[in-house]
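Read off the chains here:
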Amino acid sequence: MSRPEEISPPEIFYGDDEARKYTSNSRIQAIQSQMTERAIELLALPEDQPAFLLDIGCGSGLSGELLDEAGHYWVGMDISPSMLAEVALEREVEGDLFLQDIGQGFGFRPGTFDGAISISVLQWLLNADTSSHSPPQRLTRFFTTLHSALRNPSRAVFQFYPSSDDQVHLITQSAQRAGFGGGIVVDYPNSKKARKMYLCLMVGHQEVPRGLEGEEEVSRREGVRNETRRKKERNKIVGGKKRKEESGKEWVMKKKELYRIRGKEGVPRDSKYTARKRRVQF
Amino acid sequence: MLVSILSLFSSPQFRENCTSNNFPLVFSEVELVVRPVPENQEFLKRFLPKLEWRALVETARSLGNESLPLIQPETLTDDQLKALHHVLLELHVEQGNMTCKGCGHVYPISNGIPNMLLAEHEVGR
């Protein structure tokens, strides 16, 4: 997977060429709109009520179009002038746009927005593009200003691509310090391709939504499954049925495998002698 | 819609040495555009409590729109709702400058997009 955030800062990477590429590529459009729809779903806004939303890193307004369709009013922010000027204006999106670096914080009045969404943006904040940038500081600034700009109760949903667990930890930690509740929602955790991470932040006390299950995205229409329940069911089969059929060798192999996974040292190699009985010599 | 945002917008809180008197931003050298939008009273009514009425009206007046009363009426008449809709959603600032009263920083607006970027040394710690 290519990571544009490792190539150059966002305002430079999304120059005129890249901005145009971004909006004319139908695959990117499809993925973006899918993620936006899911993000809107996670926002759990009251139905049939026009809401006032914030689109963080709106870019060319792909996600904004979906917000328009859903009948919401929105405000977009992005750091790339090319994305905003070249494309957003040509596409005639409804929302109002701001050219802004979210890491610098923003000055909306407290309680302005009914919710916020952000698609594939947060990972950009983790880079220090100049010597004066400090990712933890920028994250804190971003989250504290966002927290105050949101109404109580409301939600902010971020889809993002973390490159390590440390990054996830850093992000959740700064969000919590800023006063947000909530956590990470992982869709299709078992699929390499469809796996998506959403940071679901809440102002006020709310319950964290669940991630989507299954290997493929196609199956999602069938509804959200409960991860822990599935795990339990799987364990039930392992615990109940299999144990009777399991031979001594299988049991030993399973244990050895488990030790290897746990990183235990000195687990003997597997061979044809594994789990055989020692014969009496005389 | 821009005007509505600006009645909700103050200078970025983290700008150095700018902690008070930074709301609302003051317009200058503006170029206005009106883009008609269908009315949505439900949205307006839900939006109303969030507004700083006085700031909005003062901003609207500085832009030459005097359709709103300076003191917020308890309930808005239909005409007033229409005027509010016009100011909030139809009136756009296409070009111009916004100045922060607290620190005097100027945020330029071009093509309807305000530039809120700060230089690194201007960001407060």
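Residues numbered from 1 in each chain as written. Chains lettered and ligands numbered in written order. Predicted model: local features only at pLDDT ≥ 70, side-chain atom pairs only at ≥ 80, totals over all residues. Heavy atoms only, no water.

The name given to chain B in an unreviewed UniProt entry is Multifunctional methyltransferase subunit TRM112, with Tremella mesenterica as the source organism. For chain B, the Sequence similarities (unreviewed entry) comment in UniProt is given as "Belongs to the TRM112 family." (UniProt positions renumbered as here; feature names shortened; annotations may be inferred.)

Looking at an unreviewed UniProt entry, one finds chain A named Bud site selection protein, with Tremella mesenterica as its source organism.

Draft legend 1. View of helix H4 (residues 62-69) of chain A. Within the span of H4 of chain A, buried status applies to Leu62, Ser63, Gly64, Leu66 and Leu67 of chain A. At the exit of H4 of chain A stands Gly71 of chain A, carrying a positive phi of roughly 85°. (Buried < 20%, exposed > 50% of the residue type's maximum accessible area, 1.4 Å probe, protein only. Helix = DSSP H or I, 4+ residues; strand = E, 2+ residues; numbered from the N terminus.)

Draft legend 2. Local environment of the confidence of the model for chain A. Residue and element names in this part refer to chain A. Within chain A, residue pLDDT values average 80, and 86% of them lie at 70 or more. Per-element mean pLDDT across chain A ranges from 58 in helix H8 (residues 227-245) up to 90 in strand E4 (residues 113-119). For the stretch residues 218-224, pLDDT sits under 50, and the model shows nine contacts to residues farther than four places along the chain or on other chains. (pLDDT = per-residue confidence, 0-100. Contact = heavy atoms within 4.5 Å.)

Draft legend 3. Highlighting the side chain of Gln167 of chain A. Residues and elements named next belong to chain A. Position of Gln167 relative to the elements: it lies in helix H7 (residues 165-177). Overall, the relative accessible area of 18% leaves Gln167 in the buried class. Looking at Gln167, its side chain comes within polar contact range of the main-chain nitrogen of Ser163, at 2.8 Å. Dropping the residues within four chain positions of it, Gln167 is found in contact with Leu126 and Pro162. (Polar contact = N/O pair within 3.5 Å; in protein donor to acceptor, adjacent residues only side chain to side chain.)

Draft legend 4. Quick look at the sheet that holds strand E4 (residues 113-114) of chain B. All names here are of chain B. Taken in spatial order, the four strands make up an open sheet running E1-E2-E3-E4, and their pairing is antiparallel. Because the sheet does not close on itself, it has two edges, and the strands there are strand E1 (26-34) and E4. One ladder, built from two bridges, connects strand E3 (residues 106-110) with E4; its direction is antiparallel. Paired with Ser110 across the strands is Ile113, a residue of E4. Across the sheet, helix H4 (residues 78-90) is in contact with E1 and strand E2 (91-99); its angle to E2 comes to roughly 65°. (Pairing = 2+ DSSP bridges. Axes fitted to C-alpha atoms, helices over the stretch in contact; angles between N-to-C directions.)

Draft legend 5. Summary view of empty space enclosed by the protein. Residues and elements named next belong to chain A. Within this structure, the stated rule accounts for one cavity of 30 Å³ or more. In this model, the largest cavity occupies a volume close to 30 Å³. For the largest cavity, the full set of lining residues is Thr172, Ala175, Gln176, Phe180, Gly181, Gly182, Gly183 and Leu201. Breaking the lining of the largest cavity down by element, the ones donating at least two residues are H7 and strand E6 (181-187). (1 Å grid on protein atoms, 1.4 Å probe; cavity = no way out; pocket = protein on both sides within 12 Å on 5 of 7 lines; lining within 4 Å. Points joined across faces, edges and corners; volume = space filled by probe spheres on them.)

Draft legend 6. Spatial organisation of the pattern of salt bridges. A full pass over the atoms with the stated rule returns nine salt bridges over all chains. For Arg38 of chain A, the salt bridge is made with Asp187 of chain A, and the minimal N-O distance between the two is 2.6 Å. Of this pair, Arg38 of chain A sits in helix H3 (residues 26-43) while Asp187 of chain A sits in strand E6, and the two are 149 residues apart along the sequence. Its relative accessible area of 3% is what places Arg38 of chain A among the buried residues. By relative accessible area, Asp187 of chain A is classed as buried at 2%. Of the charged contacts in the structure, one is a salt bridge between Asp114 of chain A and Arg46 of chain B, with a shortest N-O distance of 3.5 Å. (Salt bridge = Lys/Arg side-chain N within 4 Å of Asp/Glu carboxyl O.)

Draft legend 7. Structural detail: the sheet that holds strand E5 (residues 150-160) of chain A. Residues and elements named next belong to chain A. Here seven strands make up an open sheet; going across it, the order is E3-E2-E1-E4-E5-E7-E6 and the pairing mixed. Across the chains shown, the open sheet's two edge strands, defined by having one partner strand only, are strand E3 (96-99) and E6. Between one strand axis and the next, the sheet turns by 15° as a mean value, whatever way the strands run. Across the sheet, H3 lies against strand E1 (52-56), E4, E5, E6 and strand E7 (196-203), angled at about 150° from E4, the strand it touches most. Across the face of the sheet, helix H6 (residues 135-149) comes into contact with E1, E4, E5 and E7 while running at roughly 140° to E5.

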